[in-house]
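Secondary and tertiary structure notes
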Amino acid sequence: MFQVSVEETFSAGHALRGYRGKCENVHGHNYRVRVTLEGPELDSIGLLVDFTRLKQVVRGIMGELDHQFMNDLTYFKTVNPSAENVAKYFYDEITRQLTNLPVGARVRDVILWETDTSRAQYRPAV
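Structure report, in brief. This one's a predicted model, so the numbers in the text were calculated from it and none came from an experiment. The residue count restarts for each chain, going from 1 along the sequence in the order it is written. Where local features are concerned, this predicted model is filtered to residues with pLDDT of at least 70; where side-chain atom pairs are given and counted, the filter is 80 or more; whole-chain, interface and lining totals use all residues. The side-chain figures draw on all heavy atoms in the structure; neither hydrogens nor water molecules are used.

Take the overall build of the chain next. Helix and strand assignments follow DSSP, with helices taken as H or I runs no shorter than four residues and strands as E runs no shorter than two, numbered in order from the N terminus. Broken down by element type, the chain carries two helices and four strands. In the chain, the succession of α and β elements from N to C terminus is β-β-α-α-β-β. This radius of gyration counts C-alpha atoms alone. The globule rule is 2.2 Å times how many residues there are, raised to the power 0.38. Its C-alpha atoms give the chain a radius of gyration of 15 Å, near enough to 14 Å, the size a compact globule of 126 residues would have. Along the longest, intermediate and shortest principal axes, the C-alpha atoms of the chain span 50 × 25 × 25 Å. Exposure classes here rest on a 1.4 Å probe applied to the protein chains alone. A residue is buried below 20% of its type maximum, exposed above 50%, and partly exposed in between. Looking at the chain as a whole, 40% of its 126 residues qualify as buried. Contacts between residues were defined by any pair of non-hydrogen atoms, one from each residue, lying within 4.5 Å. In the chain, the share of contacts with a sequence separation of at least 24, taken over all contacts with a separation of at least 6, comes to 68%. Only carbon and sulfur atoms are counted for the fraction: they give 48% of the accessible area of the chain, which is about 7300 Å². Charged-residue counts in this description rest on Lys and Arg as positive and Asp and Glu as negative, His and the chain ends being excluded. Here the site of a charge means atom NZ of a Lys, CZ of an Arg, CG of an Asp or CD of a Glu. The chain carries 15 positive and 16 negative side-chain charges, and their two centres are separated by 3 Å. Surface accessibility in these figures is a Shrake-Rupley result with a 1.4 Å probe; residues are shielded only by whichever protein chains are displayed.

Written as structure tokens, this is what we have:
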């Protein structure tokens, strides 16, 4: 099985609805996101995915979130912008946007760090 990953960073604010504690208040993070794709085969030139294309997709999603108050964004008006839900948002958007992958290739997981020591991971059940 082949795997490739890219990492990028962005900054955004949020407030956790229904949470009791400091994080119910508006606050922000310098997020780091790692996206990993995997697949059993490479394309005709020996790539699982073009890093440039993967970074373009990830950066496009980040561009919607960067320096925003996530609670105000359409998706997060009904979904709490927890690290877990933001990781799933990246997964869903990357899966939707990244087409023409080799047979059997897929997004394996998304890891989202809120701090250097706190992260959430989304990986679909296989």
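Here we come to the packing of aromatic side chains. To pair, rings of Phe, Tyr and Trp, with the six-membered ring standing in for Trp, must have centres within 6.5 Å; the planes then decide the type, stacked if under 30 degrees apart, edge-to-face if over 60, and tilted in the middle. In total, this model carries six aromatic pairs according to the counting rule given. For the pair Tyr-75 and Phe-76, a centre-to-centre distance of 4.9 Å together with 85° between the ring planes defines the contact as edge-to-face. Judged by relative accessible area, Tyr-75 falls into the partly exposed class, the value being 30%. Note on Phe-76: relative accessible area 1%, which makes it buried. Both rings, one in Tyr-91 and one in Tyr-122, keep their centres 5.1 Å apart while their planes meet at 65°; by these two values the pair is edge-to-face. Of this pair, Tyr-91 sits in helix α2 (residues 83-97) while Tyr-122 is found in strand β4 (residues 119-122), placing the two residues 31 residues apart along the sequence. Judged by its relative accessible area of 22%, Tyr-122 falls in the partly exposed class. Pairwise contacts between aromatic rings join Phe-10, Tyr-31 and Phe-90 into one cluster.

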